[in-house]
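Structure assessment
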Amino acid sequence: MHGLILFDFDGTLYRGDAPFRYYAQVLARHMAPADSDRYLSLVEAHLQGVTGIVAGDNWEAVVGLAEPYLADEALWQGAFLETRVFMHGDDCELEVPEVLRTFLQDSHGKVTLACASNSPPEAAIPLMKRLGIYDYFDHVAPSANKPDGLLPYAQDLWGGDLVPERTLSVGDNYKNDIAPALEAGCATAHISPHGYFPGASTAHGHTMEDVMPYIRSWVNNLLLKGD
């Protein structure tokens, strides 16, 4: 194959704050009323970019802000699973950036497009189909166990030996999507809506629109080089 692009799923292939607000509301049910009000106001401030906490993504932020009021991992997990069910319905407003949808259409068949998600199959695959992007991908790996599983997955797709100069990883979680790929010598594109850039990346920006020129240029250069 000419090249391999590894896309993260949550927070990368779609955007929208509805899941995080819902997740926070479910967690808030288990808090004292005063704590619940305070917590939800902190979550909203984070999502609006007014004030926030350092977190790899908004999922981590919702949990991190809840910890002082609700230190029960079982409740966090239960709330997360309830949120994933909510995300499959029309009441959860999510957007696939048009520049991404166009890129996937244009690049399908030219480079190998893969999605590596830590979400389980019953969460990731139905949502990808609901958003109309599942069929653009040559490979989809739910429960990818990133960061540890990212490079082994890429190696498998390459047939056993990673080709870093022909591999690009795109994602919003630096620890999971960017750091392992960069360390292996792959190209990377880091998206962080809140501008949390804890380390180097080949390209970075607040939105998919910010990094798409680099992604397209990377693909075009590969195709120009040929085999």
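The shown structure was predicted, so the numbers you read here are calculated from the model rather than taken from an experiment.

Attention now moves to the side chain of H190. Here H190 shows up in strand β5 (residues 187-191). The class for H190 is buried, based on a relative accessible area of 1%. Excluding its chain neighbours within four sequence positions, the residues that come into contact with H190 are G171, D172, Y174, I178, Y196, F197, P198, S201, A203, H204, G205 and V211.

Another point: helix α5 (residues 98-107). Looking at α5, one finds that the buried residues are L100, R101, F103, L104 and S107. Viewed along the axis of α5, the buried residues span an arc of 160 degrees, placing them on a single side of the element. Packing partners of the buried residues in α5 comprise β1 (4-7), β2 (112-116) and α9 (208-225). Looking one or two residues past α5, G109 carries a phi angle of roughly 90 degrees, positive in sign.

Attention shifts here to the sheet that holds β1. Spatially, β3-β2-β1-β4-β5-β6 is the arrangement adopted by the six strands of the open sheet, whose pairing is parallel. This sheet does not close on itself; its edge strands, each paired only once, are β3 (139-141) and β6 (203-205). Averaged over all pairs of adjacent strands, the angle between their axes in this sheet comes to 15 degrees, without regard to strand direction. Judged from the three bridges that link them, β2 and β3 form a sheet pairing that is parallel. Within β3, the position partnered with A114 by the bridge is H139.

Further remarks concern the pairing of β1. Residues in a regular strand point their side chains to alternate faces of the sheet. Here β1 shows a buried face lined by L4 and L6 and a second buried face lined by I5 and F7. Taken together, the four bridges between β1 and β2 define a ladder with parallel strand orientation. Its bridge partner being in β2, L6 is matched across the sheet by A114. With four bridges joining them, β1 and strand β4 (residues 167-171) adopt parallel strand pairing. Directly across from F7, in β4, lies its bridge partner V170.

With that out of the way, let us pick up helix α3 (residues 58-66). α3 sits mainly inside the fold: seven of its nine residues count as buried. Where α3 is concerned, the buried positions are N58, W59, A61, V62, V63, L65 and A66.

Per the counting criterion, the structure on display carries eight salt bridges. Close ionic contact of R84 with D10 constitutes a salt bridge, the shortest N to O distance being 3.1 Å. With R84 in helix α4 (residues 73-87) and D10 in the loop between β1 and α1 (18-28), this residue pair connects regions lying 74 residues apart in the sequence. A residue is classified by how much of its surface remains accessible, and R84, at 4% relative accessible area, is buried.

Cut-offs and rules
Residues numbered from 1 in each chain as written. Predicted model: local features only at pLDDT ≥ 70, side-chain atom pairs only at ≥ 80, totals over all residues. Heavy atoms only, no water. Helix = DSSP H or I, 4+ residues; strand = E, 2+ residues; numbered from the N terminus. Buried < 20%, exposed > 50% of the residue type's maximum accessible area, 1.4 Å probe, protein only. Contact = heavy atoms within 4.5 Å. Arc of directions from axis to C-beta. Pairing = 2+ DSSP bridges. Axes fitted to C-alpha atoms, helices over the stretch in contact; angles between N-to-C directions. Salt bridge = Lys/Arg side-chain N within 4 Å of Asp/Glu carboxyl O.

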